[in-house]
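Here's the letter readout for the chains.
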Amino acid sequence: MRRRKAVLAAILATAGAVATTVAVLGDATVASAATTTFTPVADTYVDNSVTGTNYGTSGQLGVDNSPVKRMFLRFNVSGVTGTVTGAKLRVHTDDVSGAESPSGGTYRAMSNTTWSETGVTWANQPAIDGATLGSVGSVTRNTWYEVDVSSYVKGNGQFSIGVTSSSSDGADFDSRETGSTAPQLVITTGTSSTPTPTPTPTPTPPSGDPVLVGAGDIANSGSGDTATAALLDNIPGTVFTAGDDAYDNGSTADFNNYYAPTWGRHKARTRPAAGNHEYNTSGASGYFTYFGSSAGEPGKGYYSYNLGSWHIVVLNSNCSSIGGCNAGSAQEQWLRADLAANTRSCTLAYWHHPRFTSGANHAPTTSVGPLVQALYDNNAEVVVTGHNHQYERFAPMNPSGQLDNTRGIRHFVVGTGGAGMYNFGTIQPNSEVRNNNTFGVLKFTLHAGSYDWQFVPQSGKTFTDSGTNSCH
Amino acid sequence: MTESEFREEEPGGGARLGTRARMLIAAAAAVVLAGAAVVYAAVASDGPTAARESDVPGVVRADGARLRVLDNGLLSEVSLQDPSGPRSVSAQQCDRAYAAAGTVACLRPVGALGGTHLAVLDGDLREVRSIPLTGFPNRLRVSDSGRMIAWTLFVSGDAYAGGEFSTRAGVLDMRTGTVVASVEEFAVTVDGRPHRAADVNVWGITFTGDDNRFFATVGTAGHRYLAEGDLAGRTLKTVADGVECPSLSPDETRVAFKSAVGGDPARGWRLSVLDLATKKVAATVETRSVDDQAIWLDDHTLAYGLQRSDGVNDVWAVPADGTGAARLLVPGANSPSLQPSRDHAEVR
């Protein structure tokens, strides 16, 4: 029974995260595969006869060609372990007259996985731009239909599916609001072809690859910095700060009073960046004095170092204090030369002011655009910032903020080091994950050719975020 | 159960379950499903049949009162009778919006090309006036007549909840075109005595029905006062302490406001109501921290925005007298304002 309870607990934990998760396990004698069912985190449809209307809270989804109706489904697949051997989308037709149709629609993958359920209309709809996954023929009311989406859903992540119909007699399906007949994404996982007999799996053994961990907006008179410093106590590797390390003014006293007793425990392995609060002290002299040579050349605040097969760049986004961040500025020229001389295959950069953010308190900082451009031009993978006191992860984007899964840079805002949390404002395009009630640190494991990210929450909190990306 | 036992049986790794365990899982799933069904029961009550096929376009009907809201920054409109139903979503981008009597005020997002603007739109959402402003959009109000517009901007967004911050509140008179760039210029009286201090901040203006008097928060020397203002007389006089972001009731007898918990904004705010005659304060049953300038749906009901931890907002409603329960009014929206009934069959 102990084991059974453990499995149940794991399933319940997953259910909490994705609203409804039902594990249906095969017969005990063929217990080599398991299925996990996810309901959409968002679903809606649009209608070209009412181009400005959103149906995100409706219990119904429709596809039609007259008027043209398209439906959009989004799933957040998480917690799936093992090899995904199958993925099928299940949709249920409405139990009303008129739900039936000669066509249940054509199902396609979508690159946009951040559309708003209560904001999508015909006029602003996301593009249905991916591969065709399958079609459903004629449908009758009150019936389940399935589409094989295994070519698209191959593991954890966010998945958007758009549905169109060429029939002028539309089909109507039940939306996630209906509960038991909500669309489903059923993931089948099987044992890998060589079932490795690991009787007592231990936590993933250290891969030996370097770890970079940290946050911005850290030390003040509150207790958040204590909570995040305690996380660092258990995470080896290099520590980064993304600025606003010591409130309110980055003075020597602020560093001694607030930073030193908390994050200061890890000073010897810390490579910092300076925020606007550091520059409340003229020339950020308190910051440069406290960190010494770890902060690079005094007065500049930009420098670089290597971790394994990664090149790490630290920039100074207090542009007005260092002669600007524009193209041709000293820092931008240094950055381009530094990146040109770099021989490591992957690049991560961090500084304070975010180029992209949905935070309510600070608008996106356009002045760092030339720095983002230089990093993009040199195929960098990751940018980490702070300034808005919250966590936000963006999809890989080009310097204009457009989705770019080929060369795009993934931007993180990690202003969760301890300073009081901020609200979010309008959620910006390509923002994938957000949280503003959890202090924590962001941990990168820097592999040769890829990286893992993991948001590690303060003790007692549950929010987390993790994933993996290849280098360009 | 120990940690190591937990790890032994990660799902997806070929777990073997007996009948009892599977029943437990089914029961657990059923509980989750039941919870979801309850949550959505109200939302979906008329969903499957309300928007059937092409002959009944599911536009927002305007034959009753409506709520204007922001839907992730887009000016939108829902039926007050069916606020969870289909909504009209415009392309107008605002960080904060408020509409009254055909005047739609919108604080534009700070963008790459410049700072915020006050955009004044007509009832058909055509821009009729634009005023460049400095700061970060925060509060916005239009008087019931549609004549007066008041805004509050953060001039510095740092450490707002915890400590130092600076606001600028201004007023536009749509009839005369007069702009008061900052009501901090007005003569301030605190507790009956003239008060001059560099640290005076004013935020959260709410108008009375005469388009001259108003209420607002005056912050100075660590206090956050409710002040009554007079536009013609250019005065501000404090009438109560510990009152932020006032919102005057339709009958003008009470002010809804956010009350700092324990007098400390860092601990959040309790949505409360002050009786102007008796100065008695009644907290609403909403215990979550409300950082908003609430609106009155009628003389008995408040509506306000609350943000989830992932940044998605919802508009909630709660009785103003401290009874009842808070209820979800418009999912995925904030910045509500009330549009009275009108006769047109459809709205944009």
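Residues numbered from 1 in each chain as written. Chains lettered and ligands numbered in written order. Predicted model: local features only at pLDDT ≥ 70, side-chain atom pairs only at ≥ 80, totals over all residues. Heavy atoms only, no water.

Thoughts on the overall build of chain A
At step 1: A count of helical and extended segments in chain A gives 6 helices and 26 strands.
At step 2: Burial status across chain A gives 60% buried among its 472 residues.
At step 3: The contacts of chain A with a sequence gap of at least 6 include a subset with a gap of at least 24, amounting to 74%.
At step 4: Carbon and sulfur atoms make up 48% of the accessible area of chain A, which amounts to about 16,900 Å² in all. (Helix = DSSP H or I, 4+ residues; strand = E, 2+ residues; numbered from the N terminus. Buried < 20%, exposed > 50% of the residue type's maximum accessible area, 1.4 Å probe, protein only. Contact = heavy atoms within 4.5 Å. Areas by Shrake-Rupley, 256 points an atom, 1.4 Å probe, with all protein chains shown as cover.)

What to know about the state of the cysteines
Residues and elements named next belong to chain A.
At step 1: The full count for this structure, using the stated rule, is 3 disulfides over all chains.
At step 2: Across the disulfide from Cys 319 sits Cys 325; the S-S distance is 1.9 Å. Because the sign of the S-S torsion sets the handedness, a value of about -95° for the bond joining Cys 319 and Cys 325 places this disulfide among the left-handed ones. Residue Cys 319 shares its accessibility class with Cys 325, and that shared class is buried. (Disulfide = S-S within 2.5 Å.)

Regarding the UniProt feature "domain: Calcineurin-like phosphoesterase" (unreviewed entry) in chain A
At step 1: When the UniProt feature table is mapped onto this chain, "domain: Calcineurin-like phosphoesterase" (unreviewed entry) is found at residues 230–391 of chain A.
At step 2: Across residues 230–391 of chain A, helical content stands at 24% and strand content at 16%; the span's end C-alpha atoms are separated by 19 Å. (UniProt positions renumbered as here; feature names shortened; annotations may be inferred.)

Some details on the pattern of salt bridges
All names here are of chain B.
At step 1: Under the counting rule described, the total for this entry stands at 32 salt bridges over all chains.
At step 2: The partner of Asp 122 in a salt bridge is Arg 126, with the nearest N and O atoms 3.2 Å apart.
At step 3: Between Arg 147 and Asp 173 there is a salt bridge, with its nearest N and O atoms 2.7 Å apart. You can see Arg 147 sitting in the loop between strand 8 (136–142) and strand 9 (148–156) and its partner Asp 173 sitting in strand 10 (residues 166–173), a full 26 residues away along the chain.
At step 4: Residue Asp 173 is classed as buried on the basis of its relative accessible area of 8%.
At step 5: Residues joined in a network through salt bridges with shared partners are Arg 96, Arg 139, Arg 224, Glu 244, Lys 258, Asp 291 and Asp 292. (Salt bridge = Lys/Arg side-chain N within 4 Å of Asp/Glu carboxyl O.)

What to know about the environment of Ala 374 of chain A
Residue and element names in this part refer to chain A.
At step 1: With respect to the secondary-structure elements, Ala 374 resides in helix 6 (residues 369–377).
At step 2: Under the relative-accessibility criterion, Ala 374 is labelled buried at 0%.
At step 3: Residues Ala 374 and Gly 308, 66 residues apart in the sequence, show an inter-C-alpha distance of 22 Å.
At step 4: Apart from residues lying up to four places away in sequence, Ala 374 is in contact with Leu 335, Arg 336 and Leu 339.

Quick word on helix 6 of chain A
Helical geometry: 3.6 residues make up each α-helical turn, so side chains three or four residues apart lie on a common side.
Residue and element names in this part refer to chain A.
At step 1: Those residues of helix 6 not exposed but buried are Gly 369, Leu 371, Val 372, Ala 374, Leu 375 and Tyr 376.
At step 2: Buried-residue contacts for helix 6 involve helix 5 (330–341), strand 19 (346–350), strand 20 (382–385) and strand 22 (410–414).
At step 3: Of the residues one or two after helix 6, Asn 379 is the one with positive phi, at around 65°.

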